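Tertiary structure, described
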Amino acid sequence: MAPTAVNPPRGSVLVLVGPSGVGKGTVIAQLRRRFPSVWCSVSATTREPRPGERDGEHYFFITPERFTELVDSGGMLEWAWVHETERYGTPREPVEERLAAGLPVVLEIDLQGARQVRETMPEAHFVFLAPPSRAELEARLRGRETESAQEIERRLRTAEVELDAIDEFDHVVVNDTVDSAATQLAHVLGLIQ
């Protein structure tokens, strides 16, 4: 008798949203240090690379025309205008490949993108990474000293919209410490009990 084929387990998706300056990248880096099997999607963007950013590692830097082609062909899992200036999106194919291999996937995206993913992947875990307080978020943004005062104000306005949508998420994780936040994300992904 021939052995029956067993489908490998499909990975799970965690959609992580939070305001600029809340520490999404830092928390994901800690999660990946502790759980190297976690794969974080690489977004595509139409903006120019910043100093030190490498194509395919930090972002896929593509032309507006190529971005439009991917959107029109269904090659983007989600996409949005971010800060009203550039388009960002998650290429579908790499995500589907990791899920089919049974790997846990983290999508670090904005609120618009999360809403799109909810339509196509309602089984995903939707997590809002929140600051301990609005005052702490503003202090973190100003403390980075990477944006102009005008840019900080714009990011704070965007943060208010995002914080107002917190009830749309399955889980809220407060980033009071990076290790605690990473542990909570690991629980959501089922990596620890």
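A brief look at the structure comes next. (Residues numbered from 1 in each chain as written. Predicted model: local features only at pLDDT ≥ 70, side-chain atom pairs only at ≥ 80, totals over all residues. Heavy atoms only, no water.)

It is worth spelling out the overall build of the protein at this point. Helix and strand content of the protein: 7 helices and 9 strands. Projected onto the principal axes, the alpha-carbon positions of the protein cover approximately 70 × 45 × 30 Å. Sequence separation of 24 or more characterises 67% of the internal contacts of the protein that already satisfy a separation of 6 or more. Approximately 10500 Å² of the protein is accessible, and the part contributed by carbon and sulfur atoms is 52%. Separation of charge centres in the protein, based on 21 positive and 31 negative side chains, amounts to 3 Å. (Helix = DSSP H or I, 4+ residues; strand = E, 2+ residues; numbered from the N terminus. Contact = heavy atoms within 4.5 Å. Areas by Shrake-Rupley, 256 points an atom, 1.4 Å probe, with all protein chains shown as cover. Lys, Arg positive; Asp, Glu negative; His and termini not counted. Charge placed at Lys NZ, Arg CZ, Asp CG, Glu CD.)

Strand pairing in a sheet is mediated by backbone hydrogen bonds. Such pairs are either parallel or antiparallel. With mixed pairing, the 4 strands of this open sheet are ordered in space as β4-β3-β6-β5. With one partner strand each, in any of the chains shown, β4 (60-61) and β5 (76-82) form the two edges of the open sheet. Where strand β3 (residues 44-45) and β4 come together, 2 bridges link them in parallel fashion. Residue pairing in the sheet places A44 in a bridge with F60 of β4. (Pairing = 2+ DSSP bridges.)

It is worth spelling out the sheet that holds strand β8 (residues 125-130) at this point. The 5 strands lie next to each other as β2-β7-β1-β8-β9, forming an open sheet whose pairing is parallel. Bordering the open sheet on either side are β2 (39-40) and β9 (171-174), each of which pairs with just one other strand. In this structure, strand β1 (residues 13-17) lies alongside β8, joined through 4 bridges in parallel fashion. Its bridge partner being in β8, V17 is matched across the sheet by F128.

Any two aromatic rings considered together are summarised by their centre-to-centre distance and by the angle between their planes. If you walk through the whole model with that rule in mind, you get 4 aromatic pairs. Members of the aromatic cluster, joined through ring pairs, are Y59, F61 and Y88. The lysine or arginine in question, R47, covers the ring of Y59, its NZ or CZ lying 4.8 Å from the ring centre. Directly above the aromatic system of F126 lies the positively charged group of R118, at a separation of 4.0 Å from the ring centroid. (Phe/Tyr/Trp six-rings, centres within 6.5 Å; stacked < 30°, edge-to-face > 60°. Lys NZ or Arg CZ within 6 Å of the ring centre and 35° of its normal.)

So, on to the side chain of T90. Within the secondary structure, T90 is located in strand β6 (residues 86-91). Aside from chain neighbours lying at most four places away, what touches T90 is S41, S43, G75, M76, L77, E78, V95, L107 and I109.

The next point concerns the side chain of Q30. Of note, Q30 is situated in helix α1 (residues 24-34). What makes Q30 buried here is its relative accessible area of 16%. Looking at Q30, its side chain comes within polar contact range of the side chain of R33, at 3.0 Å. Setting aside residues up to four positions removed in sequence, Q30 forms contacts with V178, D179 and A182. (Buried < 20%, exposed > 50% of the residue type's maximum accessible area, 1.4 Å probe, protein only. Polar contact = N/O pair within 3.5 Å; in protein donor to acceptor, adjacent residues only side chain to side chain.)

Turning our attention to the pattern of salt bridges. Within this structure, the stated rule accounts for 15 salt bridges. Among the ionic pairs, R54 bridges to E57, the shortest N-O distance being 2.7 Å. Measuring nitrogen to oxygen at the nearest pair gives 3.2 Å for the salt bridge that ties E69 to R66. Of the two residues, E69 and R66 are both situated in helix α2 (residues 64-72); the distance of 3 residues between them amounts to about one turn of the helix. Accessibility expressed as a relative area gives 45% for E69, which makes it partly exposed. On the accessibility criterion, R66 (39% relative accessible area) is partly exposed. Through salt bridges with shared partners, one network takes in E147, E151, R154 and R155. (Salt bridge = Lys/Arg side-chain N within 4 Å of Asp/Glu carboxyl O.)

This part takes up the environment of E145. The residue E145 is located in the loop between α5 (134-144) and α6 (149-164) in this model. Given a relative accessible area of 70%, E145 falls into the exposed group.

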